[in-house]
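Here is what each chain is made of, one letter per residue.
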Amino acid sequence: YASDASAENGAALAMALLLADQGTSDNGSKALELASASARKAPRNFYAQFVYCEAALHMKDFRDASWCSSAMRLIAPHDALALYYSAIAEGNEGKMDEARRDLEEAHANGLPEAQYGPLHDAIEGTRSPIERWAPAVGKALAGWIAGFVVLLGLGSLLSAAAVRAARRVPTEATGHARGLDAWLRRLYRGVLWLVCAYYYVSLPIIALLAVGMAAATFYVCMTMGVLPIRILVIVFFIVVVSLGAIWRSFTASNKDEAPGEELDLSSHPKLRSVLDEVAARIGTPSVDTVYVTPGTDIAVLERGRLSKQLRSKGERCLVLGAGVLDGMRIGELKSILAHEYGHFHNEDTAGGGFALAVRRSLATMV
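Residues numbered from 1 in each chain as written. Predicted model: local features only at pLDDT ≥ 70, side-chain atom pairs only at ≥ 80, totals over all residues. Heavy atoms only, no water.

Colleague: Teacher, can you tell me more about helix H5 (residues 80–92) here?
Modeller: Note on helix geometry: an α-helix contains 3.6 residues per turn, so any two residues three or four positions apart are oriented the same way. Over its 13 residues, H5 runs 19 Å from end to end, which matches the ideal 18 Å to within 8%, given 1.5 Å per residue. Burial runs high along H5: eleven of the 13 residues are buried. Those residues of H5 not exposed but buried are Ala80, Ala82, Leu83, Tyr84, Tyr85, Ser86, Ala87, Ile88, Ala89, Glu90 and Gly91. Buried residues along H5 sit in contact with helix H3 (46–58), helix H4 (62–75), helix H6 (96–108) and helix H7 (113–125). With a side-chain oxygen lying 2.9 Å from the backbone nitrogen of Leu81, the N-terminal cap of H5 falls on Asp79. Positive phi shows up at Gly94, right after H5, with a value of about 85°. (Helix = DSSP H or I, 4+ residues; strand = E, 2+ residues; numbered from the N terminus. Expected span 1.5 Å × (residues − 1). Buried < 20%, exposed > 50% of the residue type's maximum accessible area, 1.4 Å probe, protein only. Contact = heavy atoms within 4.5 Å. Polar contact = N/O pair within 3.5 Å; in protein donor to acceptor, adjacent residues only side chain to side chain.)

If you want it as structure tokens, here you go:
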């Protein structure tokens, strides 16, 4: 350096002084002074700016570190070292988002893990729990809502298509859906099951959101140094009530209540005979149980565990209102029963218990 005081030689000498500095001499100060002079001599020399940054950080002179890191970015905008020193300078200025972005780019461009790891941990350590978790939670929530919207839209389209198909005259004398109509029914049933399953998966998500919002409110109050007791009590009350409603809705969905008073068919052989005759005419198994109501109901449904319903092994039930039988002739009853058996024949009731369980769950929660 004494023989040629160039920027390159000055930077090399400054680096040698830094390596020799053990904290017991003024080599660090000399190195920073020398590196600063070399950087000014050659503002476009990457190595001179690099040594200047090393010396500035060694002496904890963050203002100089900001200057030299900016110079390195001008010379080589996407160099790993330039991005690394830029991230350090931005972090010390409180620009954590910029520091995080530059550090990740530096890592992608080849910054060694030994340099990346400690700085990454230091930057992440400055973030609050809300800042750390909010992006991930936001993306998960957006995906969850998007999934719900897609299923809801698909279900609405299939519902309209199924209703239009049901209005058409069947192509077979049996009335059984064939071809595109059969495929449409299966697809619609599958989407219905998916929506129901999505509902149950969503219950714990809603519970976590309620607890998370309460925790976030408490954290914000703590960081502000104020604990508004009234607000916290209200939030706590809302969370407890919400969790209770979710739990009740989940347990209520498992209750399979009888739709009426069960009729002993062995005591009514003529009714049993009519039920079996119509089932044979339609070509489907007869009902297993008949429930009587005081109203004017006539409907069929499947009861039993969901696993059985999905395999079409559920209990076939007929709901028969006493009021509708007043004045009705046997032939009229048979024609209505034929219509109801048609639902079994076309598997319209398959999985219906799942949808009914969701409806009971929603009503309980509300």
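Colleague: Help me understand the state of the cysteines, please; the structure alone is not making it clear to me.
Modeller: Among covalent bonds in proteins, the disulfide is the one between the sulfur atoms of two cysteines. Under the definition given, this model contains one disulfide. Here Cys53 pairs with Cys68 through a disulfide, and the sulfurs are 2.1 Å apart. A torsion of 120° about the S-S bond marks the disulfide between Cys53 and Cys68 as right-handed. Taken as a pair, Cys53 in helix H3 and Cys68 in helix H4 lie far apart in primary sequence, 15 residues in all. Taken as a pair, Cys53 and Cys68 share a single burial class, namely buried. (Disulfide = S-S within 2.5 Å.)

Colleague: Explanation requested: the side chain of Gln49 in the structure shown.
Modeller: With respect to the secondary-structure elements, Gln49 resides in helix H3. Other than its neighbours up to four places away in sequence, Gln49 contacts Ala39, Ala42, Pro43, Cys68, Ala71, Met72 and Ile75.

Colleague: Please explain the packing of aromatic side chains as it appears in this structure.
Modeller: Summed over all chains, the structure comprises four aromatic pairs. Taking the centre distance of 5.3 Å and the plane angle of 65° together, the rings of Tyr84 and Tyr85 count as edge-to-face. Per residue, the accessibility class of Tyr84 equals that of Tyr85, and both read buried. Here the aromatic rings of Tyr199 and Tyr200 are separated by 5.3 Å at their centres, their planes lie at 70°, and the arrangement is edge-to-face. Judged by its relative accessible area of 13%, Tyr199 falls in the buried class. One aromatic cluster in this structure is built from Tyr47, Phe50, Tyr84 and Tyr85. (Phe/Tyr/Trp six-rings, centres within 6.5 Å; stacked < 30°, edge-to-face > 60°.)

Colleague: Teacher, can you tell me more about the nonpolar core here?
Modeller: Most often, soluble globular proteins have nonpolar side chains that are buried together. Ranked by size, the top nonpolar core spans 34 residues in total, and within it Val51, Tyr84, Tyr85, Leu103, Leu111 and Leu119 carry the most contacts. Among the secondary structure elements, those contributing two or more residues to this core are helix H1 (7–20), helix H2 (27–41), H3, H4, H5, H6 and H7. Counting 16 residues, the second largest nonpolar core, distinct from the first, contains Leu275, Ala279, Leu318 and Leu337. (Core = buried A, V, L, I, M, F, W, Y, C linked by side-chain atoms within 4.5 Å.)

Colleague: Quick question: what am I supposed to make of the side chain of Ser38 here?
Modeller: One can find Ser38 in helix H2. Assessed through its relative accessible area of 1%, Ser38 is described here as buried. Here Ser38 is in contact with Ala7, Gly10, Ala11 and Ala48, once residues within four sequence places are set aside.

Colleague: When you look at H4 in this model, what are you seeing that I'm missing?
Modeller: Between the first and last C-alpha of H4 there are 20 Å, a value that for 14 residues agrees with the 20 Å anticipated at 1.5 Å per step. If you check which residues of H4 are buried, you get Asp64, Ala65, Ser66, Cys68, Ser69, Ala71 and Met72.

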